[in-house]
Amino acid sequence: DSKCRLFGRQMGQYINPILSGFYPDPSVCRKGDTYYLVNSSFSFFPGIPIFSSKDLVNWTQMGSVLDRESQLPLAHQGVSGGIFAPAITYNEKNKT
């Protein structure tokens, strides 16, 4: 029935990848009802994009972890330099 279809998909289905584009090496954590995801940025600036989601399918980019050039000196980095496979965790003790 047409009420149960979204763009030719059935309700509850989604298309992979959930983040289209260049977002390798994802790391995800959850605080409350919100999930947070970070990715590798390699030798690109700004560094480490961070996203949030309530359902693990629809993601919104909040910004980048490293958004000032002084935080990520890339002047002499080659293609294999920069930030690889960042990890994100939630620390219950200090709520960060």
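Here we summarise the structure given alongside this text. Remember, it's a predicted structure, so these values are computed and weren't measured experimentally. (Residues numbered from 1 in each chain as written. Predicted model: local features only at pLDDT ≥ 70, side-chain atom pairs only at ≥ 80, totals over all residues. Heavy atoms only, no water.)

### Considering the pattern of salt bridges
Then, in step 1: Applying the stated rule across the entire model yields three salt bridges.
Then, in step 2: For D67, the salt bridge goes to R68, with nearest N and O atoms at 4.0 Å.
Then, in step 3: In this structure, K95 engages E92 in a salt bridge whose closest nitrogen and oxygen atoms are separated by 2.6 Å.
Then, in step 4: For K95, a relative accessible area of 52% corresponds to the exposed category. (Salt bridge = Lys/Arg side-chain N within 4 Å of Asp/Glu carboxyl O. Buried < 20%, exposed > 50% of the residue type's maximum accessible area, 1.4 Å probe, protein only.)

### Observations regarding the environment of I88
Then, in step 1: Looking at the element boundaries, I88 is found in the segment after β6 (60–66).
Then, in step 2: On the basis of relative accessible area, I88 is assigned to the buried category, the value being 17%.
Then, in step 3: Sequence separation between I88 and Y36 is 52 residues; the distance between their C-alpha atoms is 7.9 Å.
Then, in step 4: When residues no more than four places from it in sequence are discounted, the contact partners of I88 are S27, V28, C29, Y36, V38 and I50. (Helix = DSSP H or I, 4+ residues; strand = E, 2+ residues; numbered from the N terminus. Contact = heavy atoms within 4.5 Å.)

From the geometry alone we can't say anything about function, so treat these as descriptive.
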